[in-house]
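# Architecture at a glance
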Amino acid sequence: MSTQLDKLVESLDIEQNIYIQVHKIPDPDALSSALGIKHLLETRNIHAEIVYKGRASKSVSRMKELLHPINVINLDKEEINPIKSSDNIIYVDCQYGSSNVSNIGGTPTACIDHHQIHKKFNYKFADIRSNVGACATIVYNWFIECNEPLPPNIASALLYGIKIDTLEMTRGVSKLDLEAYSELHKIADLDKMQELQKNSRDFEDVLSFREALRNIYISNRVCYTYMGFNKKNEVMAEISEFLLDLGDIDFVVAFTDVMNGIRFSIRSATPNLNAGEIASEVLETIGNGGGHPHMAGGFAESIHFINLPDITAKMKFIIDKFDEKIQEKLTNNLILDNKITQVN
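First, a word on scope: everything that follows refers to the structure included in this document.

What counts, and where the lines are drawn
Residues numbered from 1 in each chain as written. Predicted model: local features only at pLDDT ≥ 70, side-chain atom pairs only at ≥ 80, totals over all residues. Heavy atoms only, no water. Helix = DSSP H or I, 4+ residues; strand = E, 2+ residues; numbered from the N terminus. Rg over C-alpha atoms; globule rule 2.2 N^0.38 Å. Buried < 20%, exposed > 50% of the residue type's maximum accessible area, 1.4 Å probe, protein only. Contact = heavy atoms within 4.5 Å. Patch = residues over 30% accessible without salt bridge, like charges linked within 9 Å, V, L, I, M, F, W, Y side chains within 5 Å. Areas by Shrake-Rupley, 256 points an atom, 1.4 Å probe, with all protein chains shown as cover. Salt bridge = Lys/Arg side-chain N within 4 Å of Asp/Glu carboxyl O. Core = buried A, V, L, I, M, F, W, Y, C linked by side-chain atoms within 4.5 Å. Axes fitted to C-alpha atoms, helices over the stretch in contact; angles between N-to-C directions. Parallel < 35°, antiparallel > 145°, perpendicular 65-115°, else oblique. Nonpolar A, V, L, I, M, F, W, Y, C, P; charged D, E, K, R; others polar. Expected span 1.5 Å × (residues − 1). Arc of directions from axis to C-beta.

### Structural notes on the overall build of the protein chain
Regarding its fold elements, the protein chain presents 11 helices and 12 strands. Taking 344 residues into account, the globule formula puts the C-alpha radius of gyration at 20 Å, and the protein chain, at 20 Å, falls close to it. When its C-alpha atoms are laid out on the principal axes, the protein chain stretches across 55 × 55 × 40 Å. Taken across its 344 residues, the protein chain has 50% of its residues classed as buried. In the protein chain, once contacts between residues fewer than 6 apart in sequence are set aside, the share between residues at least 24 apart is 62%.

### What to know about the environment of Val-72
With respect to the helices, strands and loops of the structure, Val-72 is situated in strand β3 (residues 72–74). Judged by its relative accessible area of 5%, Val-72 falls in the buried class. Spatially, the C-alpha atoms of Val-72 and Arg-55 are 12 Å apart, while their sequence positions differ by 17 residues.

### Let's talk about a nonpolar patch on the surface
A grouping of Leu-213, Ile-216, Ile-218, Phe-242 and Leu-246 is seen on the molecular surface, where their side chains present a nonpolar patch of about 410 Å² in accessible area. Here Ile-216 shows up in strand β7 (residues 216–219). Since its relative accessible area comes to 31%, Ile-216 is described here as partly exposed.

### Focus: the environment of Lys-186
Inspection of the secondary structure assignment puts Lys-186 in helix α6 (residues 175–187). For the pair Lys-186 and Ala-155, spaced 31 residues apart in sequence, the C-alpha to C-alpha distance is 9.0 Å.

### Structural notes on the nonpolar core
Ranked by size, the top nonpolar core spans 53 residues in total, and within it Leu-41 and Ile-90 carry the most contacts. Here this core gets 8 residues from one element, more than from any other, and that element is helix α4 (residues 135–146). Ignoring anything within four residues of it in the chain, the contact list for Ile-90 reads Leu-8, Leu-12, Ile-18, Tyr-19, Ile-20, Gln-21, Leu-41, Ala-110 and Ile-112. Among the nonpolar cores identified, the runner-up in size contains 24 residues, and Leu-273, Ile-278, Ala-296 and Ile-326 belong to it.

### Things to note about the pattern of salt bridges
All told, the structure shown has 16 salt bridges when counted by the stated rule. Measuring nitrogen to oxygen at the nearest pair gives 3.1 Å for the salt bridge that ties Asp-205 to Lys-232. Here Asp-205 is found in helix α8 (residues 203–214), whereas its partner Lys-232 is found in the loop between β8 (222–229) and α9 (233–244), with 27 residues between them in sequence. According to the relative accessible area criterion, Lys-232 is buried, its value standing at 13%. One salt bridge in this structure joins Lys-325 and Glu-328, with 3.4 Å as the shortest N-O distance. Taken together, the residues Lys-325 and Glu-328, both in helix α11 (residues 311–343) and 3 residues apart, mark about one turn of the helix. Judged by relative accessible area, which is 35%, Glu-328 ranks as partly exposed. Overlapping salt bridges, with partners in common, bring together Glu-277, Glu-281, Lys-325, Glu-328 and Lys-329 in one network.

### Overview of unusual backbone geometry
Residues other than glycine seldom take positive phi values, yet Ile-25 does so here, at roughly 45°. In this structure Ile-25 comes out as buried when scored by relative accessible area, which is 15%. One non-glycine residue, Glu-168, lies in the positive phi region at around 60°. When you line up the elements, Glu-168 lands in the loop between α5 (152–165) and α6.

### Here we look at the environment of Asn-220
With respect to the helices, strands and loops of the structure, Asn-220 is situated in the loop between β7 and β8. Classification of Asn-220 as exposed rests on a relative accessible area of 58%. C-alpha of Asn-220 to C-alpha of Lys-77: the two residues are 143 residues apart in sequence and 44 Å apart in space.

### So, the side chain of Thr-3
Among the structural elements, Thr-3 can be located in the segment before α1 (4–11). Residue contacts for Thr-3: discarding those within four places in its chain leaves Arg-44, Glu-145 and Cys-146.

### A short note on the packing of α1 against α4
Look at α1 against α4: their axes get within 8 Å of each other, and the N-to-C directions meet at 100°. On the basis of their axis angle, the class for α1 and α4 is roughly perpendicular. When α1 is examined against α4, the residues Gln-4, Leu-5 and Leu-8 are found in contact with a partner set consisting of Trp-142, Glu-145 and Cys-146. Per-class residue counts for the contact of α1 with α4 are 4 nonpolar, 1 polar and 1 charged.

### Here's the deal with α6
The end-to-end C-alpha distance of α6, which contains 13 residues, comes to 19 Å, matching closely the 18 Å that a straight helix rising 1.5 Å per residue would cover. Of all the positions in α6, only Leu-176, Asp-177, Ala-180 and Leu-184 are classed as buried. Along the long axis of α6, the arc covered by the buried residues comes to 95°, so they all point the same way. Of the residues in α6, the exposed ones pointing more than 90 degrees away from the buried face are Lys-175 and Lys-186. Those residues of α6 hidden inside the fold are in contact with α4 and α5.

As structure tokens, then:
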């Protein structure tokens, strides 16, 4: 019986270059998953380069520092041979056409991901499981399916990716995530894991928290916060999680100005408000967004804010768009609940 790795290999044109692309500003889950796929391809004597665009988070820099060898190419900073239209692109922890994925050329060949599908694409091969908490869990499953031994540095990277993406195994955790976490824990270098978790924040991050807490608006258990200019993705995620932990908050929309628009981090603590759906539907006419029921991200293009004079006007515009969609979702869920009650 063919394994997922067999199917991926069959989908590739091995006469052409192979690139494993992760999303902009890659997080530990994306990097560890790409590292695992690269290693598995090498067991079949197939070479692939891991590439991305955008700034790497501090935690990813720490992974590269502590878990040698990890070779990742930032296409914004490093020169490589031009990517040809015939070259294979394997998307890992992301999907072709998403707002957090740069178009680097090549042929979109395969996708390994755990996010919800918002734009269907006809890959030659895809393993997309939106019911698991981390892409690293899927990659762990590939190793088990192929009966391939897990090197300690890759096990450590995958374990760290699962830890971060599931918020210490408290968010979106499946049975497979639990298995992966338990088994990887037996193989990983736990001393390096502790080092990875140290010194991951700096004083600039503290200032980002202050900015976010100064610019909060709360309405009907929904919290909006403006974080200032060009804040890090991982800090936005932490602030969103922090605000969601407050007792009277069910939904969080955090946003930051960037050079060409506004970037969003969205969290939900209620099944009545699917963060991924709301991000996709609110932002589809001004940018794009998507993610999981409990967490999502998105981007709005600056052209839609040209006539707004200041951040107060921007906040009102954003709050009004999200609030309209949130109230629509809550009303629809209430009607559905009433229908179910009547049937029962």
